[in-house]
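Fold and contact review
Each chain, letter by letter, is given below.
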Amino acid sequence: MKKITYRNLCYFLFSCIAIAMMMLSACENDETNPPLINEIRNYEASPNDTAVQTVRAGQWVVLLGKNLSDVSQITFNGVPATINYALFTDQSMVIQIPSIPFQSVTNDQRNIVMAVSSGGTSIFEIKITGAPLITHVRNYEASPNDTLLNSVAPGQHINLIGFNLEGATSINFQGVDADLSSVVYTDSSTIVIVPDDFSGGDASLANRITYTTTVGNQVLFIPIFDPAVLEYYKDPLWVSLTGGIGNEKIWTVDFNAQGVSQKFAGPLWFSTDRLRWDFECVPGDGDCWNWAPDWQSWMPAPKDYGTMTFRIKGVPVLPTVTVNQKGLDAAKNGIFSGSYFLDTDEKTITFTDVTPLNMGWDNVDWSKAYIITLTEDGMQLGFKHKGKPELELYNYIPK
């Protein structure tokens, strides 16, 4: 009786061990290995089914590798792709690359293909591109002058910042192509010179930059400064006043602390309020008179009265003026900035938010000056007297 029981027990233990080994073997056979991508090819008929080093949004490609039959998801830059399950094997799969919001892709996701299955995940690195995307425009200068731009001007050196910009086939500014031979590409940027001649432009494309690559194109709306306005600023009067576009010129009253005037007889002259450009008078009653005295003791005293700087600079190009007023009461001294406009037809200068450089008499209208003369080395501005039909003429020279 004892021998039978022992024999049965041994048989039972042997059976358990055998079953356990079979189960372990079955588990090992059922274990799924992680997917592996070895190569990406064009999804085209031979001989165009070549291996690729760059893929783009919307493109159909073939992934080659191992253990792909269990893949549940493929992502490009973190975005799930479309899988063609009708063309799916353990060694290959056909997928379409998704549309990708490149501006929101994190650095660790960029140019990464990820395959996900029950056996794990794997990644494959390849350049992933799409249609060009310009996010902003900078002035191409060293910091701190590499400022963001809200408009551009002919001939300006700019830096287009964004994604998928490398290898442009055309960079067009309101119908005029930029010279691509001078373009420099960096990581996510394009350094380009705006064409300086828009005579062949298309009015329907005004204020548009059209950026084209082999993948697609983008149209960026940004004010492009009117070349006609730039031509206006090239007028000799603008050049005499400011030194020309992109420059500035500093003027001072022709009168120093020693009471000396260098170009004119004195710092202040007087005339009828009808006096205009080149000492001609507009029609009206009375004589066309003017008086050009030396400095008189009843005039403001000899002092350093400061400077007045006229400029046409920046993008967009804007006329601005800075007055560094000295020699007056403390409340009137200081550095003041505003804008101005030179009317080349009427020969006037209109001042906004700033009082022109003066010697302290406050009995004229400072908002508008009549240009009596303006040359490279001298300027005479007439300001209307508030109480009588006269002009006070301030004589200025470049500093």
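Located above this text is the structure these notes cover.
None of the values given here were measured: they were computed from a predicted structure.

**Section: the overall build of the protein chain**
Assigned secondary structure in the protein chain consists of three helices and 28 strands. Taking 2.2 N^0.38 as the reference for a compact globule, 399 residues should give roughly 21 Å; the C-alpha atoms of the protein chain span a radius of gyration of 39 Å, well beyond that estimate. The principal-axis extent of the C-alpha atoms belonging to the protein chain is close to 150 × 55 × 30 Å. Residues counted as buried form 40% of the 399 residues belonging to the protein chain. Contacts in the protein chain between residues far apart in sequence, at least 24 positions, make up 57% of those at least 6 positions apart.

**Comments concerning the sheet that holds strand β3 (residues 60-66)**
Pairing in this open sheet of four strands is antiparallel, and the strands run β1-β3-β7-β6 from one edge to the other. Here the strands that pair on one side only, and so sit at the sheet edges, are β1 (36-42) and β6 (82-88). On average, each strand axis in the sheet is tilted by 30° relative to the strand beside it, whichever way the strands run. As paired strands, β1 and β3 are joined by six bridges and run antiparallel to one another. Residue pairing for β3: Ile 37 is matched across the bridge by Gly 65.

**Here's the deal with the pairing of strand β13 (residues 170-173)**
Alternating residues of β13 divide into Ser 170 and Asn 172 and Ile 171 and Phe 173, and every residue in both groups is buried. Of the strand pairs in this sheet, β13 and strand β17 (residues 208-212) are connected by four bridges, and their pairing is antiparallel. Each bridged residue has a counterpart across the sheet, and for Asn 172 the counterpart in β17 is Thr 210. Two elements, β13 and strand β14 (residues 176-177), share two bridges in a ladder whose sense is antiparallel. Residue pairing across strands places Phe 173 opposite Val 176, the latter belonging to β14. In this antiparallel pair of consecutive strands, β13 and β14, the connection spans two residues, and Gln 174 shows a positive phi of 35°.

**Re the state of the cysteines**
If you walk through the whole model with that rule in mind, you get one disulfide. Through a disulfide, Cys 281 is tied to Cys 288; the S-S separation comes to 1.8 Å. The chirality of the disulfide connecting Cys 281 with Cys 288 is right-handed, given an S-S dihedral of about 85°.

**Quick notes on the environment of Gln 296**
Relative to the assigned elements, Gln 296 resides in the loop between β21 (290-291) and β22 (306-313). Considered as a pair, Gln 296 and Pro 267 are 29 residues apart in the sequence and their alpha carbons are 9.8 Å apart.

**Considering the environment of Ser 117**
Structurally, the position occupied by Ser 117 is in strand β8 (residues 112-117). For the pair Ser 117 and Asn 33, spaced 84 residues apart in sequence, the C-alpha to C-alpha distance is 8.9 Å. Apart from the residues within four sequence positions on either side, Ser 117 is in contact with Asn 33, Pro 34, Pro 35, Asp 70, Val 71 and Ser 72. At 3.1 Å, the side chain of Ser 117 forms a polar contact with the backbone nitrogen of Gly 119.

**Quick look at the side chain of Asn 164**
By the element assignment, Asn 164 lies in the loop between β12 (157-163) and β13. Using a relative accessible area of 15% as the deciding quantity, one classes Asn 164 as buried. Polar contacts involving the side chain of Asn 164 include one to the side chain of Thr 129, which spans 3.2 Å. Setting aside anything within four residues of it in sequence, one finds Asn 164 in contact with Phe 102, Ile 128, Thr 129, Gly 130, Ala 131, Pro 132 and Thr 213.

**Some details on the environment of Ile 171**
If you trace the backbone, Ile 171 turns up in strand β13. Spatially, the C-alpha atom of Ile 171 lies 10.0 Å from that of Ile 193, the residues being 22 residues apart in sequence.

**Thoughts on the packing of aromatic side chains**
A full pass over the atoms with the stated rule returns 20 aromatic pairs. Consider the rings of Trp 366 and Phe 383, whose centres lie 4.9 Å apart with planes at 65°: the pair is edge-to-face. You can see Trp 366 sitting in the loop between β25 (348-352) and β26 (368-375) and its partner Phe 383 sitting in strand β27 (residues 378-384), a full 17 residues away along the chain. One exposure class covers both Trp 366 and Phe 383, and it is buried. An aromatic cluster is built from Tyr 232, Tyr 233, Trp 238, Phe 310, Tyr 340, Phe 341 and Phe 351, whose rings are joined through pairwise contacts. Here Lys 263 stacks its cationic end above the ring of Phe 264, 5.8 Å away from the centre of that ring.

**Section: the pattern of salt bridges**
A complete count under the given rule lists eight salt bridges for this structure. Among the salt bridges present, the one from Glu 248 reaches Lys 313, with a minimum N-O distance of 4.0 Å. You can see Glu 248 sitting in strand β19 (residues 248-253) and its partner Lys 313 sitting in strand β22, a full 65 residues away along the chain. Several salt bridges converge on common partners, so that one network encompasses Glu 248, Arg 311 and Lys 313.

**With respect to the nonpolar core**
In this structure, Leu 241, Phe 310, Tyr 340, Ile 349, Phe 351, Phe 383 and Tyr 396 are the most contacted members of the largest nonpolar core, which totals 38 residues. Leave out the neighbours within four places in its chain, and Leu 241 touches Lys 249, Trp 251, Phe 310, Tyr 340, Leu 342, Ile 349, Leu 374 and Met 379.

**Some words on the sheet that holds strand β16 (residues 189-193)**
Spatially, β11-β12-β16-β15 is the arrangement adopted by the four strands of the open sheet, whose pairing is antiparallel. Sheet topology places β11 (133-139) and β15 (184-186) at the edges, where each strand pairs with a single neighbour. The sheet shows a mean angle of 25° between the axes of neighbouring strands, direction not considered. Here β12 pairs with β16 via five bridges, running antiparallel. For Asn 159, the partnering residue across the bridge sits in β16 and is Ile 191.

How each quantity is defined
- Residues numbered from 1 in each chain as written.
- Predicted model: local features only at pLDDT ≥ 70, side-chain atom pairs only at ≥ 80, totals over all residues.
- Heavy atoms only, no water.
- Helix = DSSP H or I, 4+ residues; strand = E, 2+ residues; numbered from the N terminus.
- Rg over C-alpha atoms; globule rule 2.2 N^0.38 Å.
- Buried < 20%, exposed > 50% of the residue type's maximum accessible area, 1.4 Å probe, protein only.
- Contact = heavy atoms within 4.5 Å.
- Pairing = 2+ DSSP bridges.
- Axes fitted to C-alpha atoms, helices over the stretch in contact; angles between N-to-C directions.
- Disulfide = S-S within 2.5 Å.
- Polar contact = N/O pair within 3.5 Å; in protein donor to acceptor, adjacent residues only side chain to side chain.
- Phe/Tyr/Trp six-rings, centres within 6.5 Å; stacked < 30°, edge-to-face > 60°.
- Lys NZ or Arg CZ within 6 Å of the ring centre and 35° of its normal.
- Salt bridge = Lys/Arg side-chain N within 4 Å of Asp/Glu carboxyl O.
- Core = buried A, V, L, I, M, F, W, Y, C linked by side-chain atoms within 4.5 Å.

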